[in-house]
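Given next are the chains, with one letter for each unit.
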Amino acid sequence: MRSEADIVVFGGLGDLSLRKLIPSLYRSVVANQLSSNSRIILVSREDVSQQQCLERAEASLRAHLNDEEFESSHWSTFSQRLSYCFLDLAICDERWDSLKALIGDDESRTRVFYFAIPPGLYGDVCAHLSSCQLLNKNTRVVVEKPLGYDRESADSINSRIAEFLPEESIYRIDHYLGKETVQNLMALRFGNVLFEPLWDCKRIDNVQITIAETVGLEGRVSFYDRAGALRDMVQNHLLQMMCLLTMEPPTKLNADNIRAEKLKVLKSLRAIDASNVAEDTVRGQYGPGVVGGKVVPGYQDELGGASSTETFVAIRAHIDNWRWAGVPFYLRTGKRLAERFAEIVINYKPVTHCVFEPDAGPLQPNRLVIRLQPDERIQLTLMTKELNRQGIRLKPATLNLNFADTFKYTKSDGYQRLILDAVRGDPALFTHRDEVDQAWAWIDPIIAAWQSEQIDPVQYAAGSWGPDKSVGWFGDH
Ligand code: BG6
């Protein structure tokens, strides 16, 4: 299905736009997912010409697309849809009229305003859009994380946006929900009879969810040092993945039902506070080390100053409800780790009774691995009999569904799918205000407890798997 819209990117020449949004929009145009009269308007406070803007967009595509994806003919089609608008977002002056003129007054066209800008500006931009009469029932506003710094600031940002737009027009993006394997979680759980009966505390021993990165600060000094890994990755990506993994089956997979079920999970999270923060969390910060064969500096050297911000966090979480009682969920994320990958591991319980003789060897519990990146696959480890051998000797074997081998498709980081969902008006994979609020309600006490219990980050060597305690929870990878 092809969609038609005016897509306006505020922060159009910023890092997120150049690295993620422009490549995603290019892929959508090449895949013919946006109709030929759709337009993309990049808005920035940099005073550059249309030609300079095109040069920047082309350079970003050449840098961030896979080699075979950039083609001159595609670029020519894509660039014809691109316009540039110079605007200082903080000031409502006559330049907004030029944006309005570019958008035109056809109220029937879908308008998607993508806020790739600091959240502190969201309210003002909504106010300016409103006073320029650019908001109508066909308008959607896509807002980027982090939504706030804590529960209170998130609430004030959400309230400010809500002065101008109804909840159904606000698309809070979490690009992890656009990743194919994350959506595949729902296909796996609700499209098969095999897994759902085994998806609870009776059968599952523990669950591990990891987003490991090899990159360091990547120039985001001021943002990252104020945020840290808990706010940057756990409050959103990790909790959202955990919700999709653990929510009850909705009656239909639509936005209202999915969001209602995710919210119940968030509300069931056991509080982590001063009484359990030391046992149930690990806070780390990378020191110097070697990543991918390259010597890299420690966090504070990269930052150029002292800091007690965590670049690594691991949490043992519990969902206190009927389905998940007693199952530990180990969440982990960190920068400058040994390898880049994102993965969910479901460790099943051992069989209830062993019928084999001791010389059959140990029985390993089943394990389901859902790999999100860099490769996308689902693996199920089962016990089998060793072949060509007298008597029974047990051996684990793995069923492997590798998406790249099984299906021909182009890998995406999630943004392409989600931008198209916003254009089509499908909010199912975006987060509701109540989810953001509830996620902060769980995160805030952890931060408060780190402070009250004086839990500072433990140093780990760049290129390692983080502090020892978390290696104990996750094993040596
Ligand atoms: C972003 C975080 O939301 O996700 C970054 O702000 C992080 O710090 C990034 O690097 C990871 O996304 P991906 O898709 O590259 O795993």
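Cut-offs used in this document
- Residues numbered from 1 in each chain as written.
- Predicted model: local features only at pLDDT ≥ 70, side-chain atom pairs only at ≥ 80, totals over all residues.
- Heavy atoms only, no water.
- Pairing = 2+ DSSP bridges.
- Helix = DSSP H or I, 4+ residues; strand = E, 2+ residues; numbered from the N terminus.
- Axes fitted to C-alpha atoms, helices over the stretch in contact; angles between N-to-C directions.
- Contact = heavy atoms within 4.5 Å.
- Buried < 20%, exposed > 50% of the residue type's maximum accessible area, 1.4 Å probe, protein only.
- Polar contact = N/O pair within 3.5 Å; in protein donor to acceptor, adjacent residues only side chain to side chain.
- Near = heavy atom within 4 Å.
- Areas by Shrake-Rupley, 256 points an atom, 1.4 Å probe, with all protein chains shown as cover.
- Nonpolar A, V, L, I, M, F, W, Y, C, P; charged D, E, K, R; others polar.
- Parallel < 35°, antiparallel > 145°, perpendicular 65-115°, else oblique.
- Patch = residues over 30% accessible without salt bridge, like charges linked within 9 Å, V, L, I, M, F, W, Y side chains within 5 Å.
- Salt bridge = Lys/Arg side-chain N within 4 Å of Asp/Glu carboxyl O.
- Disulfide = S-S within 2.5 Å.
- Core = buried A, V, L, I, M, F, W, Y, C linked by side-chain atoms within 4.5 Å.

A. Looking closely at the sheet that holds strand β2 (residues 39-44). Spatially, 6 strands are ordered β3-β2-β1-β4-β5-β6 in an open sheet, and the strand pairing comes out parallel. The open sheet is flanked by β3 (82-86) and β6 (170-172), the only strands paired with a single partner. Across the sheet, the axes of successive neighbouring strands diverge by a mean angle of 20°, strand direction being ignored. As paired strands, strand β1 (residues 5-10) and strand β4 (residues 110-115) are joined by 6 bridges and run parallel to one another. Across the sheet, residue D6 finds its bridge partner in β4, namely R111. Running over the sheet, helix α2 (residues 50-64) touches β2 and β3 and is turned about 120° from β3. Its contacts with the sheet place helix α5 (residues 122-131) against β1, β4 and β5 (139-143), and it is angled at close to 155° to β4.

B. Main features of unusual backbone geometry. The residue after K145, namely P146, is reached through a cis peptide bond having omega 0°. Inspection of the secondary structure puts P146 in the loop between β5 and α6 (151-162). Omega for the peptide link from Q373 to P374 comes to 5°, which places this bond in the cis form. Turning to its location among the elements, P374 is positioned in the loop between β13 (367-373) and β14 (377-385).

C. Broad picture of the environment of D413. Tracing the chain through its elements places D413 in the loop between α12 (403-406) and α13 (415-424). Owing to a relative accessible area of 17%, D413 belongs among the buried residues under this scheme. Here the alpha-carbon distance between D413 and L372, two residues 41 residues apart in the chain, equals 10.0 Å. Ignoring anything within four residues of it in the chain, the contact list for D413 reads K20, S24, H175 and K179. Within the structure, the side chain of D413 is placed 3.1 Å from the backbone nitrogen of Y415, a separation counted as a polar contact.

D. Representation of the site of the ligand. Taken together, the neighbourhood of the ligand is formed by K145, H175, Y176, K179, E213, R220, D232, M233, H237, K335, R340 and Q373. Between the ligand and Y176, the relevant distance is 2.4 Å, taken from an oxygen atom to a side-chain nitrogen or oxygen of the residue. In this structure, an oxygen atom belonging to the ligand sits 2.6 Å away from a side-chain N or O atom of D232. Here the ligand loses 87% of its free accessible area of 400 Å² to cover by the protein chains. If one sorts the elements of the shell around the ligand by residue count, helix α8 (residues 221-246) sits on top with 3 residues. Looking at the shell around the ligand residue by residue, the class counts come to 2 nonpolar, 3 polar and 7 charged.

E. Up close: the side chain of R111. For R111, the location among the structural elements is in strand β4. Using a relative accessible area of 2% as the deciding quantity, one classes R111 as buried. Residues contacting R111, with those up to four places away along its chain left out, are D6, I103, G104, D105, D106, Q133, L134, L135, N136, N138, T139 and R140.

F. Local environment of the pairing of strand β7 (residues 204-212). Extensive coverage of β7 is indicated by the burial of 8 of its 9 residues. Judged from the 8 bridges that link them, β7 and strand β12 (residues 341-348) form a sheet pairing that is antiparallel. Its bridge partner being in β12, Q208 is matched across the sheet by V345. Relative to strand β11 (residues 329-334), β7 runs parallel, the two sharing 6 bridges. Along β11, the bridge assignment pairs Q208 with Y330.

G. The packing of α8 against helix α9 (residues 255-268), seen in detail. Packing of α8 against α9 brings their axes to within 9 Å, and their N-to-C directions diverge by 105°. In terms of their interaxial angle, α8 and α9 are classed as roughly perpendicular. Contact with α8, carried on its side by L239, Q240, C243, L244 and T246, involves I258, K262, V265 and L266 of α9 and no other residues of that element.

H. Spotlight on the side chain of N402. With respect to the element layout, N402 can be found in strand β15 (residues 394-402). In contact with N402, other than residues within four places in its own chain, are E376 and R377.

I. Quick look at a nonpolar patch on the surface. Where nonpolar side chains cluster on the molecular surface, the patch consists of V355, F356 and I392 and spans about 270 Å² of accessible area. Structurally, V355 can be placed in the loop between β12 and β13. On the basis of relative accessible area, V355 is assigned to the exposed category, the value being 62%.

J. Looking closely at the state of the cysteines. Within the structure shown, the criterion is met by 0 disulfides. Summary of cysteine pairing: C85 is not part of a disulfide, and the nearest cysteine sulfur, belonging to C132, is at 10 Å. Take C85: its relative accessible area is 3%, and that puts it in the buried class. Free cysteine: C92, not disulfide-bonded; nearest cysteine sulfur from C132 at 4.9 Å.

K. Focus on the nonpolar core. Judged by nonpolar contacts, the single largest core of 145 residues is most densely connected at F10, L99 and F115. If one sorts the elements of this core by residue count, α8 sits on top with 12 residues. Residues within four places of F10 in sequence aside, it is in contact with V43, L87, L89, W96, L99, F113, Y114, F115, A116, I117, V125 and L129.

L. Representation of the pairing of β3. Counting buried positions along β3 gives 4 out of 5 residues, so the element sits mostly inside the fold. Where β2 and β3 come together, 5 bridges link them in parallel fashion. Looking across to β3, one finds that I41 is bridged to S83.

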